[in-house]
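Chains, contacts and geometry: an overview
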2 protein chains.
Amino acid sequence: MQELDLRYPNCPVRNVLIRFSDKWSLLTLRNIERNGKMRYKEIGNAIPDISQKMLSSTLKHLEEDHLIVREAYAEIPPRVEYSLSEMGKSLMPVIQSLIDWSLAHFEEVTR
Amino acid sequence: MQELDLRYPNCPVRNVLIRFSDKWSLLTLRNIERNGKMRYKEIGNAIPDISQKMLSSTLKHLEEDHLIVREAYAEIPPRVEYSLSEMGKSLMPVIQSLIDWSLAHFEEVTR
DNA sequence: CTGTATCCGTCTAGATACTG
DNA sequence: CAGTATCTAGACGGATACAG
């Protein structure tokens, strides 16, 4: 296996990490994890300060990255449910450890 | 303790995570961890595609967040050494688990 | 309800030149 | 050597209006 060295731009680790390195991805994943299946508007309600545009964009990216699953039902009004993929679920303990660390150290970091 | 709910913009966890949610922070921390004390130029060399501006900016932020320690020596030519703080060291296992996950799943994520 | 389209201001990030 | 200053292009992100 080559190009695993973090120094290089095409390092796969760098190209994975960059996908969560935005304002809303971890937060969105965390909410879907907590509530199981969630509808578009439920997620929006759970993150009061996200705009529709960023919510759509974030969900689309997470789906493209195979971290969440999108199920659309052809009803009127339409219903769309988002849930974690198996891979998404496997990421959550790692995110949880990040959250735990943040909780333990935020006073020192932001001091 | 209040305002620990991830939903709110002033949640401390969100305000900690946002500090690593950029292109260079984790990469810089990882390099300093691997090599112990590093000079400005050494870090730059270890990350060939970072610009001077982004390196300066990233190092400054990491120092402000108390994750790294900056030691400047009044020599000519000047010498500045960066190393992980104790808190920075405590973050590295978490980052390592992120890297491990990325390594295990990058094919599926980027597929 | 679940989005998309558009506009627009701000922030990010790189290139280059320059300083102590 | 270790940065800073300036400029610029593009990405990010919010508000609003609109569509299926």
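All residue numbers here refer to positions counted from 1 along the written sequence of the relevant chain. All chains are assigned letters beginning at A, and all ligands numbers beginning at 1, according to the order in which they are written. Totals for whole chains, interfaces and linings use all residues, but because this is a predicted model, local features are given only for residues with pLDDT of at least 70 and pairs of side-chain atoms are given and counted only at 80 or more. Each side-chain value is derived from all of the structure's non-hydrogen atoms; neither hydrogens nor water enter the calculation.

An unreviewed UniProt entry annotates chain A as DNA-binding HxlR family transcriptional regulator of Microbacter margulisiae.

**A closer look at the environment of A:Arg79**
All names here are of chain A. For the purposes of this entry, the term helix denotes a DSSP run of H or I that reaches at least four residues, the term strand denotes a run of E that reaches at least two, and both are numbered from the N terminus. Within the secondary structure, Arg 79 is located in strand 3 (residues 79–84). Type-normalised accessible area, obtained with a 1.4 Å probe on protein chains alone, sets the label of each residue: buried when under 20%, exposed when over 50%, and partly exposed for intermediate values. Overall, Arg 79 belongs to the partly exposed group, its relative accessible area being 21%. Measuring from C-alpha to C-alpha, the distance between Arg 79 and Met 38 comes to 10 Å, with 41 residues separating the pair along the chain. Whether two residues are in contact is decided by their heavy atoms, any of which lying within 4.5 Å being enough. Arg 79 has contacts with Arg 39, Glu 71, Ala 72 and Tyr 73, leaving out every residue within four places of it along the chain. A polar side-chain atom of Arg 79 sits 3.2 Å from a polar atom in the side chain of Glu 81. Pairs of N or O atoms are called polar contacts if they sit within 3.5 Å, as long as, within protein, a hydrogen donor faces a hydrogen acceptor (for residues adjacent in sequence, only side-chain-to-side-chain pairs).

**Side note on the interface of chain A and chain B**
The interface of chain A with chain B comprises 43 residues on the first partner and 44 residues on the second. Accessible area, probed at 1.4 Å, shrinks when two parts are joined; the buried area is that loss added up over both. Here chain A and chain B share an interface that buries about 4,100 Å² over both sides, 76% of which is from carbon and sulfur atoms. Looking at the side of chain A facing chain B, the largest losses of area belong to A:Met87, A:Trp101 and A:Val109, adding up to 15% of the total buried there. Any carboxyl oxygen of Asp or Glu within 4 Å of a side-chain nitrogen of Lys or Arg constitutes a salt bridge here. The interface formed by chain A and chain B holds two salt bridges in total. As a salt-bridge pair, A:Arg14 and B:Asp49 come within 2.9 Å of each other at their nearest N and O atoms. Among the secondary structure elements, those contributing two or more residues to the side of chain A that touches chain B are helix 1 (12–20), helix 2 (25–35) and helix 5 (86–109) of chain A. Element by element, the count of residues in the side of chain A that touches chain B is highest for helix 5 of chain A, at 14 residues. Classification convention: Asp, Glu, Lys, Arg as charged; Ala, Val, Leu, Ile, Met, Phe, Trp, Tyr, Cys, Pro as nonpolar; all other residues, Gly among them, as polar. In the side of chain A that touches chain B, the residues fall into 24 nonpolar, eight polar and eleven charged.

**Brief notes about the sheet that holds strand 2 (residues 68–73) of chain A**
Residue and element names in this part refer to chain A. Within the open sheet, the three strands sit side by side as 1-3-2. Their pairing is antiparallel. Looking along the sheet, the strands with just one partner apiece sit at the ends: strand 1 (38–39) and strand 2. Strands are treated as partners if at least two bridges between them are detected by DSSP. Relative to strand 3, strand 1 runs antiparallel, the two sharing two bridges. Residue pairing in the sheet places Met 38 in a bridge with Tyr 82 of strand 3. Against the sheet, helix 2 engages strand 1, strand 2 and strand 3, with an angle of about 95° to strand 3. For helices, the fitted line uses only the C-alpha atoms of the stretch in contact; every axis is such a line through C-alpha atoms, and the angle between N-to-C directions lies from 0 to 180 degrees.

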